[in-house]
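# Summary of structural features
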Amino acid sequence: KQEVTQIPAALSVPEGENLVLNCSFTDSAIYNLQWFRQDPGKGLTSLLLIQSSQREQTSGRLNASLDKSSGRSTLYIAASQPGDSATYLCAVRATGNQFYFGTGTSLTVIP
Amino acid sequence: DAGITQSPRYKITETGRQVTLMCHQTWSHSYMFWYRQDLGHGLRLIYYSAAADITDKGEVSDGYVVSRSKTENFPLTLESATRSQTSVYFCASSDDAFFYEQYFGPGTRLTVT
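Residues numbered from 1 in each chain as written. Chains lettered and ligands numbered in written order. Predicted model: local features only at pLDDT ≥ 70, side-chain atom pairs only at ≥ 80, totals over all residues. Heavy atoms only, no water.

## A word on the nonpolar core
Residues and elements named next belong to chain A. Judged by nonpolar contacts, the single largest core of 25 residues is most densely connected at Leu-33, Trp-35, Leu-75, Ile-77 and Tyr-88. If you list the elements that add at least two residues to this core, you get β3 (19–25), β4 (32–38), β5 (44–51), β7 (62–67), β8 (72–77), β9 (86–94) and β11 (105–110). Examining the composition of this core, we find that five residues originate from one element, β9, more than from any other. Not counting residues within four places of it along the chain, the set of residues in contact with Tyr-88 comprises Gln-6, Leu-21, Phe-36, Arg-37, Leu-47, Leu-75, Ile-77, Gly-104, Thr-105 and Leu-107. (Core = buried A, V, L, I, M, F, W, Y, C linked by side-chain atoms within 4.5 Å. Buried < 20%, exposed > 50% of the residue type's maximum accessible area, 1.4 Å probe, protein only. Helix = DSSP H or I, 4+ residues; strand = E, 2+ residues; numbered from the N terminus. Contact = heavy atoms within 4.5 Å.)

As structure tokens, this is what we get:
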């Protein structure tokens, strides 16, 4: 069974800092990996989707990379802002239309 | 409203009762999903549907039933609610399970007493 891990569980940084969030998965046989943000009491908002054949995706200040062979993905956030404070989740699509989520990294950006 | 909606947003029910959570999407996405989110477990897939009248189990399907008679609706039924089913339930949709993003609804917070 696929296991998805996100470390650290919580992260606090000063505004303006660049930061990296980590996601690791145990089975490299994935079709894609998606990063989400979740605000308290809200649903999930899609940030980036990386196909298994891709190495990275970029959207604005966000850059996500994927190293399938090592079972790792990183989400890079440039010039962090207080509005970036949220929980960030990664999810992998495995065989059989199964999706597995990590438990998330709670990010706080301090003004 | 465009997008994906869930109802009710909050529900309190008693052990043993049947509960149905509704999910509606306006994009005509072929795939729809139900997840539950619990502290310490993250989101876990309950059921998914690839098209109308096609459904399949996820990781934690015991005690749940789904149907999909129309593309836009994907109700989730707890046949006999148990306290362990207290959770936040999210519905999601995607145009394709391989290449396209999943879009999530706002969630339903269910408490079973």
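What follows picks up the thread again.
## Focus on the layout of surface pockets
Rolled over the atoms, a probe sized like a water molecule indicates the empty space that remains. Considering only enclosed or pocket space, the largest pocket measures out at about 460 Å³ in volume. In this structure, the largest pocket is lined by 24 residues; those nearest its centre are Gln-38 of chain A together with Gln-37, Val-88, Phe-90 and Arg-109 of chain B. Elements with a contribution of two residues or more to the lining of the largest pocket: β4 (31–38), β9 (87–94) and β11 (108–112) of chain B. The greatest single-element share of the lining of the largest pocket, amounting to four residues, is contributed by β11 of chain B. For the lining of the largest pocket, the residue count by class is seven nonpolar, twelve polar and five charged. In this structure, the second largest pocket spans a volume of roughly 200 Å³. Taken together, 14 residues line the second largest pocket, and the ones lying closest to its centre are Lys-1, Glu-3 and Phe-101 of chain A together with His-41 and Glu-59 of chain B. Secondary-structure elements contributing two or more residues to the lining of the second largest pocket are β10 (98–101) of chain A together with β5 (42–51) of chain B. Of the residues that constitute the lining of the second largest pocket, the class distribution is six nonpolar, four polar and four charged. (1 Å grid on protein atoms, 1.4 Å probe; cavity = no way out; pocket = protein on both sides within 12 Å on 5 of 7 lines; lining within 4 Å. Points joined across faces, edges and corners; volume = space filled by probe spheres on them. Nonpolar A, V, L, I, M, F, W, Y, C, P; charged D, E, K, R; others polar.)

## Thoughts on the state of the cysteines
All names here are of chain B. Taken as a whole and assessed by the stated rule, the structure comprises two disulfides over all chains. What pairs with Cys-23 in a disulfide is Cys-91, and their sulfur atoms sit 1.8 Å apart. The sign of the -75 degrees torsion about the S-S bond sets the Cys-23-Cys-91 disulfide as left-handed. Linking Cys-23 in strand β3 (residues 19–25) with Cys-91 in strand β9, this pair joins segments that are 68 residues apart in sequence. The exposure classification of Cys-23 matches that of Cys-91, with both residues buried. (Disulfide = S-S within 2.5 Å.)

## Comments concerning the interface of chain B and chain A
On the side of chain A, 23 residues touch chain B, which itself brings 24 residues to the contact. Across the chain B to chain A interface the summed buried area is about 1,800 Å²; carbon plus sulfur atoms make up 52%. Ionic pairing is found between Lys-1 of chain A and Glu-59 of chain B, a salt bridge with its closest N-O pair at 2.6 Å. Taken together, the connections running from chain B to chain A amount to five residue pairs in polar contact (both at pLDDT 80 or more). (Buried area = accessible area lost by both parts, 1.4 Å probe. Salt bridge = Lys/Arg side-chain N within 4 Å of Asp/Glu carboxyl O. Polar contact = N/O pair within 3.5 Å; in protein donor to acceptor, adjacent residues only side chain to side chain.)

## Some details on the sheet that holds β3 of chain B
Residue and element names in this part refer to chain B. An order of β1-β3-β8-β7 is seen for the four strands of this open sheet, with the pairing classed as antiparallel. Looking along the sheet, the strands with just one partner apiece sit at the ends: β1 (4–7) and β7 (64–66). Each strand axis lies, on average, 20 degrees off the axis of its neighbour in the sheet, ignoring direction. Across three bridges, β3 lies against strand β8 (residues 76–78) in antiparallel orientation. Bridge pairing links Leu-21 to Leu-76 in β8. (Pairing = 2+ DSSP bridges. Axes fitted to C-alpha atoms, helices over the stretch in contact; angles between N-to-C directions.)

## Regarding the packing of aromatic side chains
Per the stated rule, a full pass over the model turns up twelve aromatic pairs over all chains. Centroid distance Phe-99 of chain A to Phe-33 of chain B: 5.1 Å. Interplanar angle 80 degrees. Geometry classified as edge-to-face. Here Phe-99 of chain A is found in strand β10, whereas its partner Phe-33 of chain B is found in strand β4 on a different chain. Each member of the pair, Phe-99 of chain A as well as Phe-33 of chain B, is classed as buried. Put simply, the rings of Phe-36, Phe-99 and Phe-101 of chain A together with Tyr-31, Phe-33, Tyr-35, Tyr-48, Phe-90 and Phe-104 of chain B pair up and form one aromatic cluster. In this structure, Arg-93 of chain A packs its charged tip against the face of Tyr-31 of chain A, placed 4.4 Å from the ring centre. (Phe/Tyr/Trp six-rings, centres within 6.5 Å; stacked < 30°, edge-to-face > 60°. Lys NZ or Arg CZ within 6 Å of the ring centre and 35° of its normal.)

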